[in-house]
2 protein chains.
Amino acid sequence: MDIATLRASHPEHWMKAAAIRVLAMDAVQAANSGHPGMPMGMADVATVLFEKHLKFDAAHPEWADRDRFVLSAGHGSMLLYALLHLTGYPGMDLEQVKHFRQLGSKTAGHPEFGHAPGIETTTGPLGQGIATAVGMAMAEESMAARFGRKIVDHRTWVIAGDGCLMEGVSQEAIGLAGRQKLNRLIVLWDDNGISIDGKVSMSDATDQLARFAASGWEVLSCDGHDPEDIDRALTAAARADRPVLVACKTHIGFGSPKKQDTAGAHGSPLGDEEIAKVREIYGWSHAPFVIPNEVAAQWAEIGKRGAAERYQWEVRLDQLPAAKKAEFERVIAGEAPKKLAGAIRKLKKQLAEDAPKVATRKASEMALAAINPVMPETIGGSADLTGSNNTLTADLGTFDVDSRKGRYVYYGIREHGMAAAMNGLALHGGCMPYGGTFLCFADYARGAMRLSALMGAQVTYVMTHDSIGLGEDGPTHQPVEHVAMLRATPNMNVFRPADAVETAEAWEIALTTAGTPSVLALSRQNLPTVRTKHSSKNLTAQGAYVLAEAEGKRRVILMATGSEVEIALAARDLLQAEGIGARVVSMPCWELFEAQDEAYRKKVLPAGPVRVAIEALSGFGWDKWLSGERGASKKAGFVGMEGFGASAPAPELYKHFGITAEAAAEKARSLL
Amino acid sequence: MDIATLRASHPEHWMKAAAIRVLAMDAVQAANSGHPGMPMGMADVATVLFEKHLKFDAAHPEWADRDRFVLSAGHGSMLLYALLHLTGYPGMDLEQVKHFRQLGSKTAGHPEFGHAPGIETTTGPLGQGIATAVGMAMAEESMAARFGRKIVDHRTWVIAGDGCLMEGVSQEAIGLAGRQKLNRLIVLWDDNGISIDGKVSMSDATDQLARFAASGWEVLSCDGHDPEDIDRALTAAARADRPVLVACKTHIGFGSPKKQDTAGAHGSPLGDEEIAKVREIYGWSHAPFVIPNEVAAQWAEIGKRGAAERYQWEVRLDQLPAAKKAEFERVIAGEAPKKLAGAIRKLKKQLAEDAPKVATRKASEMALAAINPVMPETIGGSADLTGSNNTLTADLGTFDVDSRKGRYVYYGIREHGMAAAMNGLALHGGCMPYGGTFLCFADYARGAMRLSALMGAQVTYVMTHDSIGLGEDGPTHQPVEHVAMLRATPNMNVFRPADAVETAEAWEIALTTAGTPSVLALSRQNLPTVRTKHSSKNLTAQGAYVLAEAEGKRRVILMATGSEVEIALAARDLLQAEGIGARVVSMPCWELFEAQDEAYRKKVLPAGPVRVAIEALSGFGWDKWLSGERGASKKAGFVGMEGFGASAPAPELYKHFGITAEAAAEKARSLL
């Protein structure tokens, strides 16, 4: 539908949609930076969605049963900000829109979760929104199974662009959603045929409708500028028995005489002259950031559309049995159950007594066997490595089309899709996701893992086979630099526990630390229990601690994590046998150690003794503790990997790469 | 086709295929580790491929016009090793097969490029093989356009499993190949319906044929155990006008009474008892690793099938004009052209004179404008950020279906697919690939970037917008930890040039360093030329060097890279104005600095002075140079990022995060 026809046939709709378009155009121009073309193209679809389909109440953005709206094409952020502003979301006043992309404003270049209510997830890195939305839709199903459709009955709507659909993660998301028949997930594809480099046809010839249909989706199309056609498609989409793709045929930069349907509308301001012409074409005579009262009032009404429904929902929530209501509120708030601490304590005590020699991946399973029964909000899974990641416990059941109460997800060979879905599960609320793969394949999931950290999504990554200890699978499967990569990432707790006790402690921290994702780097190979004296205190929460004190004068400090703590203890024995006093410090979580006060850190790592660090990984980053600012010795050395690993049984590899107690003791001796 | 029918109807084929199956079964058993099911399932397809379709001459594995065979399902490595052994590839003797997955053998758990001839690329991380093969097929087209079909006329065959097809990178590869109509790319899908966790249907319901067809592929099917049906499908595939997927319906663990068609055949040895039963069912009475003479002879013949064709090809190569032949041999050998050094020298001289204030991404374009005309093997591209990455120069032309001489690839929004394709372009030979995206989206490409390093593929990653200097797009687009992630990766040269001169030098190193990929981290924002005195010597090749010497007593060393070198120089001015002598060290490439001898390193970073490092990134890893083993001062500090960035104009962000000359000078003062 062209503008003249649209204006003539749907004058009220036109002005509401024009309000979005003009705000986007003007805000981008004021910022001299941003993407006007997408909001201008998708304003009609968004207007119909918010006016007639999206379940929301702008005054109560935290309403747990609201529909989720995800702007996967995050560069079109002004579309979202305009909608939030016009419908009256708290905090999104006009000043925010005027200060688009400025320091301290809620209106960042791309939507940032936590900046303002109504931003359901951080988007911008393409494909993340659609993949995260899959997790939100899974959470909805899981919550509905646990609390009933009277309490949980909403949809997840996504606006995605060509970029989202070209990114590989989209295929993982589409495949997972199709297999799970997530019929409350509806993706509105901004089918404008333009990417930054020009026409999409320059780089892609995919029939997207056929592609989605191949993965089990319902596929629909509409004229993305015809409100009635949009409404028809969205109405049909809401009735489907499977996830739905709606191809919305649109014009990027709709109405811009020079830039419509070109890449020129994509990522740059239109310019004052062009904007003036667009205003004329739009029949919009108002100054920048001025919304006429009538249009503002219509949008404000839309913002209140869901108020009654929300009220009725609250009544229904109040009618739940008290315990069920309390449980709902607990899991939505993300509070760990009271029983968790006791379950972990009991497990730790048992472990200290039994002192099992097990891989930490197996120890993780033991921890989960204690956790899952007392924490019904956990939703576990693996990217097709269940038996290797040890992520499945007996009571979980499978999350599937006909068993939404099941809590274990077979994610398939989709590490990136799994990570993004876990973000969605966490952001939706009510679910505590964890998922497994080999640590090396953090590479595949990085895009979504970074967003976990940036958003502070409480996701637990169970990353097993965490070093050359993986053995025969060889260097493609042996992490070397991955722990450094994750440690370098802000707001991410990276745990590399030394034994079953530290593993249980790491799990406890992961499940009780809101606002930070956790990575558990776990061994394939068996490790002895080194924490044989039970302590109810969570020592891992200090990040590092003295595991074995030096006998006699302390001349050496051996630092290690995970599977190399065993080696550090053996090196200590060698040194002590020669009368060289050596302390062993276990450092399961650098981030938490760094968060301790300086007095504690100096107590654990005092100045003076020679320091030797042992980790069967890249030494990149270790200098911080070996010789960094914290009053370190100048005499320090690292025992670990210098290059990639190799394919062979693990014990041979440790010898081959010289990561042994003998080598560590010798390194210490050479520095004394 | 079942085994009884197959044995009866095709006895010779059966024994040849059985040789593969038994070698795989026995080698996995001997290693007590590995994946027997896949080779047992795909042996018939592989036998027909090698016997009737693959163009190769086992005695000459480096024949440039050979077909490429890529085992994307790399866990089935014994299929490849058995084929290489049976056909007589050099080096792949029986001892290697017997020492599958053992230290020092060529037969690693997953195929490792460089371990043995015939291993065309490293696989194992799923999806990489198919995506790398797309690059090989592109290289074939490019080389054919440059040197003619008499010299370049081969195919790329891939065996991929369900895991490869579920990984998102496969969609990027499929989309790119479909758009480019790479009809010499044929993917043989091991359609066995089994993954590690069980049936593929547990996690996926995708109609793969429909999915590939949607992206422009020809799709065929065959009974993967019927040699005639396989032959029919492969013959048809070789005639297609687009890339081809052949769904080969197979049974994993074919013939194993207990494990066929189960996940039990996937990743574990069958066990001696089961193997004995399989031998019986196969009619194979020979001891482990014994191949009967007749079967061995038949396979040896297959290995020689292509000898005559190869000889004729060499004749044709000799008939080329001498200059053309020499050029072919130069690019296949990966030798840089003689003119390159002069072109770079000339550019550097000009830059030192002009002292332009340009972003290093723009400087990179200037370098490419000098390089591309003298280096016809470069193939550039971008993941839909051409205008931002500055990767396109005037003379390249577009690589497209009807213009294979074009040297610029519109990769689409496919960072991972691009990186893998570049690996394929490099491994094929004759092409020198580079490709651009934002540095932040190294996250998306990590899986393939790691393989560049592990394989030593000479790929250049043009990663622009390399810090908060990106500005308004905000934290999702601002790298913080990415340079640390890449520096931690073995065998990867990470350059962060300070100005146009260092950028030109970095390019020269990247294009002349065989066996190592390079990352150029480049600024969005303009930077002054700091190397205004021309030096024909490539100073960047030393990794770090003294850019500005202290006046008077040297009390401070300011270290920086990229856009922060300008800040270091300004901080030096502040300090010198107070009479504090300060040296500025530019450190464009840590890896190359580390490779210098200790004397040079100590000359650049002598003990004594206070050290301050400035980098608008995570400080993770900097302690190595601040206080690490190399005789550092104990007084050292870092000026940079502690968390994620923010959305605002870049100059405001530098102030906001305290990455300024004033802050660096103050940090130095506080340490004096």
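Residues numbered from 1 in each chain as written. Chains lettered and ligands numbered in written order. Predicted model: local features only at pLDDT ≥ 70, side-chain atom pairs only at ≥ 80, totals over all residues. Heavy atoms only, no water.

Draft legend 1. Highlighting the interface of chain A and chain B. The interface of chain A with chain B comprises 101 residues on the first partner and 101 residues on the second. Inspection of the region where chain A meets chain B yields 10 salt bridges. For aspartate 473 of chain B, the salt bridge goes to arginine 101 of chain A, with nearest N and O atoms at 2.8 Å. Joining chain A to chain B, the criterion identifies 47 residue pairs in polar contact (both at pLDDT 80 or more). Among the elements that take part in the side of chain A that touches chain B, helix α19 (residues 442-455) of chain A stands out by supplying eight residues, more than any other. Here the residues of the side of chain A that touches chain B sort into 38 nonpolar, 38 polar and 25 charged. (Contact = heavy atoms within 4.5 Å. Salt bridge = Lys/Arg side-chain N within 4 Å of Asp/Glu carboxyl O. Polar contact = N/O pair within 3.5 Å; in protein donor to acceptor, adjacent residues only side chain to side chain. Helix = DSSP H or I, 4+ residues; strand = E, 2+ residues; numbered from the N terminus. Nonpolar A, V, L, I, M, F, W, Y, C, P; charged D, E, K, R; others polar.)

Draft legend 2. The arrangement of the UniProt feature "binding site: Mg(2+)" (unreviewed entry) in chain A in detail. All names here are of chain A. The UniProt record marks Asp162, Asn192 and Ile194 with the feature "binding site: Mg(2+)" (unreviewed entry), using the residue numbering of this structure. In summary, the annotated positions, though distributed over 33 residues, converge in three dimensions, the widest C-alpha pair being only 7.9 Å. Mapped onto the secondary structure, asparagine 192 falls in the loop between β3 (185-191) and β4 (194-195). Mapped onto the fold, isoleucine 194 is located in strand β4. Not counting residues within four places of it along the chain, the set of residues in contact with isoleucine 194 comprises Asp162, Lys199, Val200, Ile252, Asp261, Thr262, Ala263 and His266. (UniProt positions renumbered as here; feature names shortened; annotations may be inferred.)

Draft legend 3. Quick peek at helix α8 (residues 168-179) of chain A. All names here are of chain A. The end-to-end C-alpha distance of α8 is 17 Å, a good match for the 16 Å that 12 residues give at a rise of 1.5 Å each. Listed in full, the buried residues belonging to α8 are Gly168, Val169, Ser170, Gln171, Glu172, Ala173, Ile174, Gly175, Leu176, Ala177, Gly178 and Arg179. Of the residues one or two after α8, lysine 181 is the one with positive phi, at around 50 degrees. (Expected span 1.5 Å × (residues − 1). Buried < 20%, exposed > 50% of the residue type's maximum accessible area, 1.4 Å probe, protein only.)

Draft legend 4. Spotlight on unusual backbone geometry. Residues and elements named next belong to chain A. Located in the positive-phi region is alanine 355, a residue other than glycine, with phi close to 45 degrees. Non-glycine residue asparagine 491 carries a positive phi angle of around 55 degrees. Examined against the element boundaries, asparagine 491 turns out to sit in the loop between α20 (482-487) and β13 (493-495). On the accessibility criterion, asparagine 491 (33% relative accessible area) is partly exposed.

Draft legend 5. A look at the relation of the copies chain A and chain B. With an RMSD of 0.0 Å, the operation that places chain A on chain B is a rotation of 180 degrees combined with a shift of 0.0 Å along the axis. Taken together, the turn and the small shift mark the pair as related by a two-fold rotation axis. (Least-squares fit on C-alpha atoms with pLDDT ≥ 70 in both.)

Draft legend 6. Spotlight on the nonpolar core. Within the largest apolar cluster, 154 residues are counted, with the highest numbers of intra-cluster contacts made by Met138 and Met449 of chain A together with Met138 and Met449 of chain B. Residue contacts for methionine 449 of chain B: discarding those within four places in its chain leaves Ala419, Ala442, Tyr461, Met463, Leu486, Met492 and Val519 of chain B. If you look at the next biggest cluster of nonpolar residues, it comprises 106 residues, including Val556, Ile567 and Trp625 of chain A together with Val480 of chain B. (Core = buried A, V, L, I, M, F, W, Y, C linked by side-chain atoms within 4.5 Å.)

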